[in-house]
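Descriptive structure summary
Listed below, chain by chain, are the residues.
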Amino acid sequence: MAIFSVYVVNKAGGLIYQLDHYAPRSDTEMTFSYPLDLVLRPRDERVVVAFGQRDGIRVGHAVLAINGAEVNGRLTADGKDVLEFLSNPANYPVSIRFGRHRLSSNEKLMLASMFHSLFAIGSQLSPEVGSSGIEMLETDTFKLHCFQTLTGIKFVVLADPRQAGIDALLRKIYEIYSDFALKNPFYSLEMPIRCELFDQNLKLALEVAEKAGPFGPGS
């Protein structure tokens, strides 16, 4: 089983902590001859596959590296436009690495704010008063679990759908937050968490939760 990432969102919707714990490897690197048999298009400051799938390369995957050098959005490592570079027959054969785009810090901040709004909408849509809001969202590849404290802090965990013990993990993270962030005299409420002991104990808790397996301790 696997726990992918942890987010901590303050009561105003600001992201105050984020940890990428495990990222499944989905990168594919291949050498291509001209013409390229994939259709590439610019999207959100990067170049992605718009049409054509082969050998693990899927629609939506982004160009991550060309000839072993990481690209910077729509530009190659030496500042050339990726699409122009790949349209020039003189640059072939060329090695291209495709994969899922890594979220930037700004994108993570934006997504945390969006989830905060969805959480509030979920609470308002409830036919009963005092709804807890969104506690879990499920997809075919991961589950999003959320625990909100009485003070409005949200702890969000993204995990494998088969991962057990997430409810207990969320409360353990809250305990770690209380012990190593709130009790830190240098920490200010609602501000980003920068505490080595918090990091260490959180990572340890994630490792313990993963080892518990799909059926919990003692399985």
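Overview of the structure. (Residues numbered from 1 in each chain as written. Predicted model: local features only at pLDDT ≥ 70, side-chain atom pairs only at ≥ 80, totals over all residues. Heavy atoms only, no water.)

Turning our attention to the pairing of strand β6 (residues 62-66). For β6, the buried fraction is high: five of the five residues fall into the buried class. Here four bridges tie β6 to strand β8 (residues 94-99), and the two strands are oriented antiparallel to one another. What sits directly across from Ala-65, in β8, is Arg-97. Examined bridge by bridge, β6 and strand β7 (residues 69-70) share two bridges and lie antiparallel to one another. In the sheet register, Ile-66 faces β7, and the bridge partner there is Ala-69. (Buried < 20%, exposed > 50% of the residue type's maximum accessible area, 1.4 Å probe, protein only. Helix = DSSP H or I, 4+ residues; strand = E, 2+ residues; numbered from the N terminus. Pairing = 2+ DSSP bridges.)

With that settled, the discussion passes to the packing of aromatic side chains. The final tally for this structure, using the stated rule, is eight aromatic pairs. Seen from their ring centres, Tyr-17 and Phe-198 are 4.8 Å apart, and the 85° between their planes marks the pair as edge-to-face. Taken as a pair, Tyr-17 in strand β2 (residues 15-20) and Phe-198 in helix α4 (residues 196-211) lie far apart in primary sequence, 181 residues in all. The exposure class of Tyr-17 is buried, given its relative accessible area of 8%. Accessibility expressed as a relative area gives 0% for Phe-198, which makes it buried. (Phe/Tyr/Trp six-rings, centres within 6.5 Å; stacked < 30°, edge-to-face > 60°.)

Within this structure, the stated rule accounts for ten salt bridges. In this structure, Lys-108 and Asp-20 form a salt bridge, with 2.8 Å as the shortest nitrogen-oxygen distance. On the criterion of sequence distance, the pair formed by Lys-108 in helix α2 (residues 105-125) and Asp-20 in strand β2 is long-range, its members being 88 residues apart. A cluster of three or more residues bridged by salt bridges with shared partners is formed by Asp-27, Glu-70 and Arg-97. (Salt bridge = Lys/Arg side-chain N within 4 Å of Asp/Glu carboxyl O.)

Going from Tyr-34 to Pro-35, the amide bond is cis rather than trans, its omega being 0°. Looking at the secondary structure, you find Pro-35 in the loop between β3 (28-32) and β4 (39-43). In this chain, Tyr-92 is followed by Pro-93 through a cis amide linkage whose omega measures -5°. With a phi angle near 50°, Asp-44 is a residue other than glycine that sits in the positive phi range. Summarising the element assignment, Asp-44 is placed in the loop between β4 and β5 (46-51). Residue classification places Asp-44 among the exposed residues on the basis of a relative accessible area of 55%. For Asp-55, which is not glycine, the phi dihedral falls at a positive 50°. Along the chain, Asp-55 turns up in the loop between β5 and β6. Judged by relative accessible area, Asp-55 falls into the exposed class, the value being 51%.

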